[in-house]
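Next come the chains, spelled out residue by residue.
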Amino acid sequence: MSLTSTRRTGLVDQVIDQLREAIANGEWPVGERIPPEPELVAALGVGRNTVREAVRALSHAGLLEVRQGDGTFVRATSEISGAVRRLCGSELREVLQVRRALEVEGARLAALHRTEDELAELTETLSHRDHAWGERTWDAVVDTDTRFHQLVVRCSHNNLLIALHEGVTEAVRASVLATVDNPAVPSFIDHGPMLAAIRAGDGDRAARETAQFLDILITGTSRT
């Protein structure tokens with residue numbers, strides 16, 4: 001990341017903005033350690049206390065996690081995501097319940113508002129996901145399954161719903177990863193019926209199909 005020296009007014013806010021931007025645009029990926037304090041001080045041209053205050057603020061917001069003796073790590077890409085991760089922690093079942101609240105309505109609206117181009121993208125993404133599952137290439141399964149659910153919500157054309165779902169991207173991806181090879185849940189969940197309902201413009205059926213597969217996952221994880 002190319003950090004720039006800050007102006008002498010509102011230093012903490014400026015540092016917070018620069019650190020948040022590095023996180024949001026992926027220059028500092030989730031799970032990775034950010035540069036150590038001396039590097040940040042030198043790059044930003046501010047004092048240690050300013051950097052520490054900015055890091056503390058982003059830690060409280062849930063974007064960063066300070067691990068004593070190990071450094072500071074990126075925890076989430078936005079305040080919304082950070083808040084959800086604090087609420088859910090490692091409880092997969094709670095993450096799935098949050099997904100259900102967002103994705104059922106997302107699928108219903110997607111069936112009503114998706115465009116032909118969006119439908120084509122959904123179809124292609126699901127095809128890649130199913131192929132990856134057949135090949136048992138789990139990284140590709142997680143990537144394409146997560147993207148499919150994101151695309152469904154984007155097809156809702158409800159900007160607030162899209163923003164909320166994007167805010168929990170890490171939680172969605174983590175739940176996909178946790179359920180892909182979980183013996184307590186079905187080895188394969190067919191999203192074809194959901195896509196068919198979206199293609200047909202049947203919002204109620206799309207919502208039911210989405211609720212059904214998430215309920216299966218929630219029930220399965222409650223047994224583990």
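Here, every reference points to the structure presented above.
Read on for a plain summary of the structure. (Residues numbered from 1 in each chain as written. Predicted model: local features only at pLDDT ≥ 70, side-chain atom pairs only at ≥ 80, totals over all residues. Heavy atoms only, no water.)

### Section: the pairing of strand S1 (residues 64-67)
Right, on to step 1. One ladder, built from four bridges, connects S1 with strand S2 (residues 71-74); its direction is antiparallel. Within S2, the residue paired with Arg-67 across the bridge is Gly-71.
Right, on to step 2. In sequence, S1 turns back onto S2 through a hairpin of three residues, with Gly-69 there showing a positive phi of about 80 degrees. (Pairing = 2+ DSSP bridges. Helix = DSSP H or I, 4+ residues; strand = E, 2+ residues; numbered from the N terminus.)

### Quick notes on the layout of surface pockets
Right, on to step 1. Considering only enclosed or pocket space, the largest pocket measures out at about 320 Å³ in volume.
Right, on to step 2. Every residue lining the largest pocket is counted, 18 residues in all, and those nearest its centre are Glu-37, Val-55, Val-66, Gly-71 and Thr-72.
Right, on to step 3. Of all elements in the fold, only helix H2 (37-44), helix H3 (48-60), S1 and S2 reach the threshold of two or more residues within the lining of the largest pocket.
Right, on to step 4. Looking at the lining of the largest pocket, the element that brings in the most residues is H3, giving five residues.
Right, on to step 5. The residue inventory of the lining of the largest pocket, partitioned by class, reads seven nonpolar, five polar and six charged. (1 Å grid on protein atoms, 1.4 Å probe; cavity = no way out; pocket = protein on both sides within 12 Å on 5 of 7 lines; lining within 4 Å. Points joined across faces, edges and corners; volume = space filled by probe spheres on them. Nonpolar A, V, L, I, M, F, W, Y, C, P; charged D, E, K, R; others polar.)

### Description of unusual backbone geometry
Right, on to step 1. Despite not being glycine, Arg-136 has its phi angle at roughly 60 degrees, a positive value.
Right, on to step 2. Here Arg-136 shows up in the loop between helix H6 (116-135) and helix H7 (138-154).

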